[in-house]
Amino acid sequence: MPDDKNRSDAVQSSEKTRDQYETYPYPARNPEDEDKRLVTGSPGNWDEVVHFVFGGRDPSAKGKIKILVAGGGTGDALVMLAQQARDRKAKAEIVYIDLSESSRAVAEARIKRRNLEKSVTFVTGSFVDLAKEYGPFDYIDCCGVLHHLPDPDAGLRALAESLKPNGGMGLMVYGELGRQGVYHMQEMMERLNAEAGGARRLHFGKALFNSLPGTNWLKRNPFVGDHIHGGDAGFYDLLLHQQDRAYRVDEVFEFVEQAGLRLQNFIEPMRYDPTTYCSRHDVLEKAVHVPFRERAAIAELMAGNITKHTFYVVKAKNKIKAPVPTEDAIPFFTRVDGAALARSVAKTGNIKITFTGLAVTRTMPGASPAILSRIDGKRTIREIYELFDPKPEKYEFNAQFAVMYSVLNAANLMYLRYRDKK
């Protein structure tokens, strides 16, 4: 009897989630906007995928790759991945799976607006049931979906079973600490108006939010804003969802490991480093000489502003690692103009990085401007060194490059890749 009840509850939960996104497809998108901009972000930025999942070697450079967008919603990740594939002339076969017909319609319209439909197969349904049927996949993108499943663990295991041995995934789940007040609001809704759905639930939720005092945690949280800037769909998704959970860092690791996966890194790595938030050596002594998992958990507690955990995973038996600076590696910029960065560092000697309300300044090595100005995304580190005249001591150049790279890579501003083997 308990098993039957659990299955019934899971079905009802899935139906509520589907009904929500049929009425309020999220995020709200206008297909005509594809003429003006490309929505980008993480996971799914292909430079990140190649760096963290494939060790700096793009598998699409040599043949067809198969990609799953699991719970694709209105299509942000789908459009980004399909457009990136076309831009680099890759042979990509992309499968989109989502429960909502309304969300799928928006995603299809966006893909057609960009003439990308030949590379995409659209499927309506649950990826938990269907992913394996359409796989296996080289890369799976699942952003903001697993935490809405009745059984997130089973959902991630289903994706892992659909992944090729040397493939990987880009995932995002909610972070608990940065969403202070969100779950208080959801609890209030369940106590006051649990049965309402659709427009009735939205209207009641807005009335409740507007009546909250300034002391309320949600009203005091500057790190969440979908209820203010995301329209009705954003308000509903953030505050009125009836199937929603969040994770702490330790829970993310447990979540990944129970599915037979290994976490490669979080995005941005700097946010999961205690030294980002504290410079006192006496405090940090026990925070930095511990395993990565423990450091990341401490950093999350220090930060307080991590609203979501974005991360890349591979199968536990896959030994691939992100590339490190070696002579044959090719450094390249992402999300920043290299020439402008070189000029700024030459002027100030440092770099200022801001994320979710926190500004972090890092002092850069003296040779950084000269190195940055010679990075073109094609030259290897060895070739960059050869451009110097007179040449610095090799060990000194390598040491300064390593420090510079560690800062920029941790902020998601620079990655490494390798030339294709002929």
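Our structure is the block above this text.
Residues numbered from 1 in each chain as written. Predicted model: local features only at pLDDT ≥ 70, side-chain atom pairs only at ≥ 80, totals over all residues. Heavy atoms only, no water.

What is the right way to read the environment of isoleucine 111 from this model?
Its place among the elements puts isoleucine 111 in helix α4 (residues 101–113). Among the residues examined, isoleucine 111 registers a relative accessible area of 0% and is labelled buried. Residues isoleucine 111 and glutamate 34, 77 residues apart in the sequence, show an inter-C-alpha distance of 8.7 Å. Discounting residues that sit within four places of it in the chain, isoleucine 111 has contacts with Leu78, Val79, Ala82, Leu116, Glu117, Val120 and Phe122. (Helix = DSSP H or I, 4+ residues; strand = E, 2+ residues; numbered from the N terminus. Buried < 20%, exposed > 50% of the residue type's maximum accessible area, 1.4 Å probe, protein only. Contact = heavy atoms within 4.5 Å.)

Explanation requested: the pairing of strand β4 (residues 137–143) in the structure shown.
Regular strands have side chains that alternate between both faces of the sheet. Among the seven residues of β4, six are classified as buried, and the element is accordingly described as predominantly covered. The pairing of strand β1 (residues 65–70) with β4 spans three bridges and is parallel. Among the inter-strand pairings, isoleucine 67 is bridged to a residue of β4, identified as tyrosine 139. As judged from the six bridges shared by β4 and strand β5 (residues 163–174), these two strands associate in the parallel manner. Counted as the bridge partner of tyrosine 139 is glycine 168 from β5. With respect to chirality, the unit in which β4 leads through helix α6 (residues 152–161) into the neighbouring parallel β5 is right-handed. (Pairing = 2+ DSSP bridges. Right-handed = clockwise from strand over helix to strand, strands pointing away.)

Would you explain the pattern of salt bridges in this entry?
Note that side chains of opposite charge can pair when their charged atoms are close. Taken as a whole and judged by the stated rule, the model has 29 salt bridges. Of the charged contacts in the structure, one is a salt bridge between arginine 293 and glutamate 254, with a shortest N-O distance of 3.4 Å. In this pair, arginine 293 is assigned in helix α14 (residues 292–303) and glutamate 254 in helix α12 (residues 249–258), connecting sequence segments 39 residues apart. Residue glutamate 254 is classed as partly exposed on the basis of its relative accessible area, which comes to 45%. Several salt bridges share partner residues, and in doing so they unite Arg29, Glu34, Arg37, Asp76, Arg110 and Arg114 into one network. (Salt bridge = Lys/Arg side-chain N within 4 Å of Asp/Glu carboxyl O.)

How should I be thinking about the packing of aromatic side chains in this particular structure?
Pairs of aromatic rings are described using the distance from one ring centre to the other and the angle between the two planes. Enumeration according to the criterion identifies 18 aromatic pairs in this entry. Aromatic side chains tyrosine 96 and phenylalanine 122 sit 5.1 Å apart centroid to centroid with 55° between the ring planes, which places their arrangement in the tilted category. On the criterion of sequence distance, the pair formed by tyrosine 96 in strand β2 (residues 92–98) and phenylalanine 122 in strand β3 (residues 120–124) is long-range, its members being 26 residues apart. This pair shows no difference in class: tyrosine 96 is buried, exactly as phenylalanine 122 is. With centroids separated by 6.0 Å and ring planes inclined at 65°, the aromatic side chains of phenylalanine 266 and phenylalanine 311 adopt a geometry described as edge-to-face. (Phe/Tyr/Trp six-rings, centres within 6.5 Å; stacked < 30°, edge-to-face > 60°.)

What exactly am I supposed to notice about the sheet that holds strand β6 (residues 261–267) here?
Sheet strands pair by backbone hydrogen bonding; their relative direction is either parallel or antiparallel. Strand order in this open sheet of seven strands is β3-β2-β1-β4-β5-β7-β6, and the pairing throughout is mixed. Edge strands, defined here as strands with exactly one partner in the open sheet, are β3 and β6. Sheet twist, expressed as the mean angle between neighbouring strand axes with direction ignored, is 20°. Where helix α2 (residues 46–53) meets the sheet, its contacts fall on β1, β4, β5, β6 and β7 (308–315), and the angle it forms with β7 comes to roughly 50°. In the packing of α12 onto the sheet, contacts are made with β5, β6 and β7, and the angle to β6 comes to roughly 145°. (Axes fitted to C-alpha atoms, helices over the stretch in contact; angles between N-to-C directions.)

Is there a simple way to think about the packing of α12 against α14 in this case?
Between two packed helices, the angle of one axis relative to the other and the distance separating the axes together describe the packing. The contact between α12 and α14 brings their axes to 8 Å, and the two run at 140°. With respect to α14, the element α12 is oriented oblique. Only Phe292, Arg293, Ala296, Ala297 and Glu300 of α14 make contact with α12, whose side of the interface consists of Val249, Asp250, Phe253, Glu254 and Glu257. Residue composition of the contact of α12 with α14, by class: five nonpolar, no polar and five charged. (Parallel < 35°, antiparallel > 145°, perpendicular 65-115°, else oblique. Nonpolar A, V, L, I, M, F, W, Y, C, P; charged D, E, K, R; others polar.)

Is there a simple way to explain the layout of surface pockets in this structure?
To find the voids left in a structure, one rolls a probe of water-molecule size over its atoms. Of the pockets and cavities examined, the second largest pocket occupies roughly 720 Å³. Around the second largest pocket, the lining comprises 29 residues; the ones closest to its centre are Asn265, Pro269, Phe292, Arg295 and Asn409. Here the element with the most residues in the lining of the second largest pocket is helix α18 (residues 394–410); it accounts for six residues. (1 Å grid on protein atoms, 1.4 Å probe; cavity = no way out; pocket = protein on both sides within 12 Å on 5 of 7 lines; lining within 4 Å. Points joined across faces, edges and corners; volume = space filled by probe spheres on them.)

When you look at the packing of helix α8 (residues 198–211) against helix α11 (residues 231–240) in this model, what are you seeing that I'm missing?
Two numbers describe how α8 lies on α11: the axes approach to 10 Å, and their chain directions differ by 75°. One way to sum up the angle between α8 and α11 is to call them roughly perpendicular. Contact with α8, carried on its side by Gly198, Arg201, Leu202, Gly205, Lys206 and Phe209, involves Asp232, Phe235, Tyr236, Leu239 and Leu240 of α11 and no other residues of that element. Tallied by class, residues from the contact of α8 with α11 come to six nonpolar, two polar and three charged.

Would you take a moment to explain α14 for this structure?
Spacing of three or four residues puts side chains on the same side of an α-helix, whose turn is 3.6 residues. An ideal rise of 1.5 Å per residue puts 16 Å on twelve residues; α14 measures up with 16 Å between its terminal C-alpha atoms. Where α14 is concerned, the buried positions are Ala296, Ala297, Ile298, Ala299 and Glu300. Next to the buried residues of α14 lie α12, β6, α13 (281–288) and β7. Positive backbone phi, approximately 75°, marks glycine 304, located one or two places after α14. (Expected span 1.5 Å × (residues − 1).)

Just to check I follow, could you spell out the side chain of aspartate 98 for this structure?
As for its placement among the helices and strands, aspartate 98 is situated in strand β2. Buried charge without a partner: aspartate 98 forms no salt bridge, and the closest opposite charge is arginine 104, 9.1 Å away. Among the polar contacts listed, one links the side chain of aspartate 98 to the backbone nitrogen of serine 100, at a separation of 2.9 Å. With sequence-adjacent residues up to four places away left out, aspartate 98 is seen in contact with Gly71, Gly72, Gly73, Ser103, Val123, Thr124 and Gly125. (Lys, Arg positive; Asp, Glu negative; His and termini not counted. Polar contact = N/O pair within 3.5 Å; in protein donor to acceptor, adjacent residues only side chain to side chain.)

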